[in-house]
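Fold and contact review
Each chain, letter by letter, is given below.
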Amino acid sequence: MKEQKKKSRGAQDAEQAADLLVTVAATLNDRLAVTAEELARSQTLLREASEELMTAFRGAADRIVAAQKDATTSQPTRPDEFGVVLDHLYRAVQHLQSHDLVNQLIDAQKLRVDKMREKLGEALSLAAPPVSDPAVAEQWIERSRAMLDCIVAGIRQIDEDTRAPRSDKKHAGSVDLF
């Protein structure tokens, strides 16, 4: 009788551990969904900033055209005007280059978040079918191990993917930052 109680208590503990694992995986998945949304918003803000930079390019080009017209009407050109224009252009080019790099970083992080969310979803699906005998601790432990194996595989996958060199033509010429 005492042995039966221990087994029952062990099954209860294993069930609670499995439930806790489900709660942790679901919470992480929810948090990663928020992170994915924030990354997408960041890209939108970055795109808007890039559009503003292109406006700055156009403004600089207009100034060059105006300066060239002044030069063709045989009025003496002001060398400081061309310096101002070049400063605008150089700053715009620097910002657009950083935009591309930041975009690559955000894309890489979005990919990592999506892959981890996928693996957490797989782990949660392993918890969906009921165990055949809830009084047996081994079934709960087996379920928990399968979920943890799935989560660890997801972590390994995103680590390997970020270290792998890109060989596809879609990313040809891109800079691998990590």
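Scanning the chain from terminus to terminus reveals three helices and zero strands. When the helices and strands of the chain are read in sequence order from the N terminus, they spell out α-α-α. When burial is assessed residue by residue, the chain has 23% of its 178 residues classed as buried. Of all intrachain contacts in the chain linking residues separated by at least 6 positions in sequence, the fraction that spans at least 24 positions is 80%. Per element, the accessible surface of the chain, about 12600 Å² overall, is 56% carbon and sulfur.

Below, the discussion takes up the confidence of the model for the chain. Mean pLDDT over the chain stands at 80; residues scoring 70 or higher make up 79%. Predicted confidence for residues 1-5 stays below pLDDT 50, and this span has zero contacts to residues more than four positions away or in other chains. Low pLDDT (under 50) marks residues 172-178, which in the prediction has 11 contacts with non-local residues, meaning those over four places away or in another chain.

Okay, the pattern of salt bridges next. Inspection of the entire model under this criterion finds three salt bridges. Notably, a salt bridge pairs Asp13 with Arg9, separated by 3.6 Å at the nearest N-O pair. Of the two residues, Asp13 and Arg9 are both situated in helix α1 (residues 2-72); the distance of four residues between them amounts to about one turn of the helix. Among the salt bridges present, the one from Lys119 reaches Glu122, with a minimum N-O distance of 3.4 Å. In this pair, Lys119 and Glu122 both sit in helix α2 (residues 79-126), three residues apart, roughly one turn of the helix.

Here we come to the environment of Ala67. By the element assignment, Ala67 lies in helix α1. Spatially, the C-alpha atom of Ala67 lies 9.5 Å from that of Val85, the residues being 18 residues apart in sequence.

Looking now at a nonpolar patch on the surface. A contiguous nonpolar surface patch, about 270 Å² in accessible area, is contributed by Leu20, Val24 and Leu28. With respect to the helices and strands, the residue Leu28 is situated in helix α1. According to the relative accessible area criterion, Leu28 is partly exposed, its value standing at 44%.

Turning next to the nonpolar core. Core analysis: the largest hydrophobic core is formed by 16 residues, its most contacted members being Leu32, Val113, Met116, Leu120, Ala123, Met147 and Ile151. Taken together, the elements giving at least two residues each to this core come down to α1, α2 and α3 (137-163). Residue contributions to this core peak at six residues, all from α1. If sequence neighbours within four positions are ignored, Leu120 has contacts with Ala25, Leu28, Asn29, Leu32 and Ile151. If you look at the next biggest cluster of nonpolar residues, it comprises six residues, including Ala14, Ala18, Ala137 and Trp140.

Reading the values: rules and limits
Residues numbered from 1 in each chain as written. Predicted model: local features only at pLDDT ≥ 70, side-chain atom pairs only at ≥ 80, totals over all residues. Heavy atoms only, no water. Helix = DSSP H or I, 4+ residues; strand = E, 2+ residues; numbered from the N terminus. Buried < 20%, exposed > 50% of the residue type's maximum accessible area, 1.4 Å probe, protein only. Contact = heavy atoms within 4.5 Å. Areas by Shrake-Rupley, 256 points an atom, 1.4 Å probe, with all protein chains shown as cover. pLDDT = per-residue confidence, 0-100. Salt bridge = Lys/Arg side-chain N within 4 Å of Asp/Glu carboxyl O. Patch = residues over 30% accessible without salt bridge, like charges linked within 9 Å, V, L, I, M, F, W, Y side chains within 5 Å. Core = buried A, V, L, I, M, F, W, Y, C linked by side-chain atoms within 4.5 Å.

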